[in-house]
Amino acid sequence: MRSSEKDLMLLDGYIKGRLDVDVTSEFEMRLVHERDLKADLEDLKELHQGMRVKALLEKLEMMKGWENDMVGEVSIAKILFQ
Amino acid sequence: MISVIDWIQKIKTNENEAIKEIYMLCKSECLQWLQKEYNCTKDDAMDIFQLSIMILYDNIKTQKLKILTSNLKTYVFGIARNKALELHRSRQIPVTDDYLSFVASYVIDEDNNVNEDQINMVCQSLDELGDPCKTVLVQYYYHDKSMDEITLMMSYKNADTTKNQKYKCLKRLQNIYFSHKQKSIKD
């Protein structure tokens, strides 16, 4: 990440779609001319999608956990009522 | 019956409970339906169902779903139907021990600018980065939490400390990711 903290805030705002129209067009002009800024944007998009996968995997694992707990509860109930 | 607006609101305040609520509401009916209508095995039906709930959640988080004209159950069944047809067409049966590529494929379908290798490398980099950085970044970028919310969650001193921490964490993640990228080019 070569961008300054200030530019990083702009990058964050840009990928989250939070920049005003004027700021967005100004920023997009900079992206055309500033190679490092453009590279940081590409990196940030990749990192962002990876974080999304990580967050979604946690939810899938949580659901798998519920199923395992339910199987465990059924087994205990079977033992108790045998 | 859960009201859609109430449920979407609940996802924002108590997401795990909200997911469990809809999961339990749809599960048995959806599993039976997938097995009967799409000849899915019990395991495949379960994978498709859980993936459908995950997609519902993602659609709300990414704001693709803001208003719903049908009820939530119909929406989940619609996703499950599409996934079942997709899996039948591609003959790609969900591999129960490879959820990473399962979820990665879903994200790649939505954003063609990333590929599976990149996603795998980011996930690996996030694991190497570890906590608290991983949590700070995922909360900020995916869950869209504000600096104040993350400050409270992580018990940091104030929002400025959190902002600084987030910047350092992102730099560290980017460095780890960059080294993985370089390595993959050499290999």
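Being a predicted model, the structure only gives us computed values, none of them experimental.

A. Region of the structure containing the layout of surface pockets. In this structure, the largest pocket occupies an estimated 830 Å³ of space. Contributing to the lining of the largest pocket are 26 residues, with B:K61, B:T62, B:Q63, B:Y142 and B:D144 lying nearest its centre. For the lining of the largest pocket, the secondary structure elements donating two or more residues are α3 (35-80) of chain A together with α1 (4-13) and α3 (42-61) of chain B. The greatest single-element share of the lining of the largest pocket, amounting to four residues, is contributed by α3(A). When its residues are assigned to classes, the lining of the largest pocket shows seven nonpolar, six polar and 13 charged. Split by domain, the lining of the largest pocket shows at least three residues from each of two domains, domain 1 (4-110) and domain 2 (116-186) of chain B.

B. Molecular detail of the environment of B:D187. On the secondary structure map, B:D187 appears in the segment after α9 (159-186). Sequence separation between B:D187 and B:A84 is 103 residues, and the spatial gap between their C-alpha atoms is 37 Å.

C. How the structure looks around helix α4 (residues 72-90) of chain B. All names here are of chain B. Helix length check: α4, at 19 residues, gives a terminal C-alpha distance of 27 Å against a target of 27 Å (1.5 Å per residue), a fit within 8%. Considered for burial, the residues of α4 that qualify are L72, V76, F77, I79, A80, K83, A84 and L87. Summarising the axial view, the buried residues of α4 lie within an arc of 160°, below the 170-degree limit, and thus occupy one face. Lining the buried residues of α4 we find α1, α2 (15-38) and α3. Between a side-chain oxygen at the N-terminus of α4 and the backbone nitrogen of K73 the separation is 3.0 Å; the capping residue is N71.

D. Highlighting the domain arrangement of chain B. All names here are of chain B. Partitioning chain B into structural domains gives domain 1 (4-110) and domain 2 (116-186). Look at where the C-alpha atoms of domain 1 and domain 2 centre, and you get two points 27 Å apart. With 11 residues of domain 1 at the contact, the number on the domain 2 side is seven residues. For the domain 1 and domain 2 pair, buried surface summed over both sides reaches about 710 Å², with 58% attributable to carbon and sulfur atoms. Three residues, K61, L100 and I108, lead the burial of domain 1 against domain 2; their summed loss comes to 50% of the area buried on that side. The interface formed by domain 1 and domain 2 includes zero salt bridges. Across the domain 1-domain 2 interface, the total number found is three residue pairs in polar contact (both at pLDDT 80 or more). If you list the elements that add at least two residues to the side of domain 1 that touches domain 2, you get α3 and α5 (99-110). Of the residues assigned to the side of domain 1 that touches domain 2, the class counts are five nonpolar, two polar and four charged.

E. Fine view of the pattern of salt bridges. A full pass over the atoms with the stated rule returns 21 salt bridges over all chains. Note that A:K38 is salt-bridged to A:E42, the shortest N-O span being 3.5 Å. Here A:K38 pairs with A:E42, and both are found in helix α3, just four residues apart, close to one helical turn. On the basis of relative accessible area, A:K38 is assigned to the partly exposed category, the value being 39%. The partner of A:K64 in a salt bridge is B:D47, and the shortest N-O contact between them spans 3.0 Å. Of the two residues, A:K64 is situated in helix α3 and B:D47 in helix α3; the pairing between them involves two chains. For the residue pair A:K64 and B:D47, the accessibility class agrees, reading buried in each case.

Here is what the cut-offs are and how they apply
- Residues numbered from 1 in each chain as written.
- Chains lettered and ligands numbered in written order.
- Predicted model: local features only at pLDDT ≥ 70, side-chain atom pairs only at ≥ 80, totals over all residues.
- Heavy atoms only, no water.
- 1 Å grid on protein atoms, 1.4 Å probe; cavity = no way out; pocket = protein on both sides within 12 Å on 5 of 7 lines; lining within 4 Å.
- Points joined across faces, edges and corners; volume = space filled by probe spheres on them.
- Helix = DSSP H or I, 4+ residues; strand = E, 2+ residues; numbered from the N terminus.
- Nonpolar A, V, L, I, M, F, W, Y, C, P; charged D, E, K, R; others polar.
- Domains from an automatic or database assignment.
- Expected span 1.5 Å × (residues − 1).
- Buried < 20%, exposed > 50% of the residue type's maximum accessible area, 1.4 Å probe, protein only.
- Arc of directions from axis to C-beta.
- Contact = heavy atoms within 4.5 Å.
- Polar contact = N/O pair within 3.5 Å; in protein donor to acceptor, adjacent residues only side chain to side chain.
- Buried area = accessible area lost by both parts, 1.4 Å probe.
- Salt bridge = Lys/Arg side-chain N within 4 Å of Asp/Glu carboxyl O.

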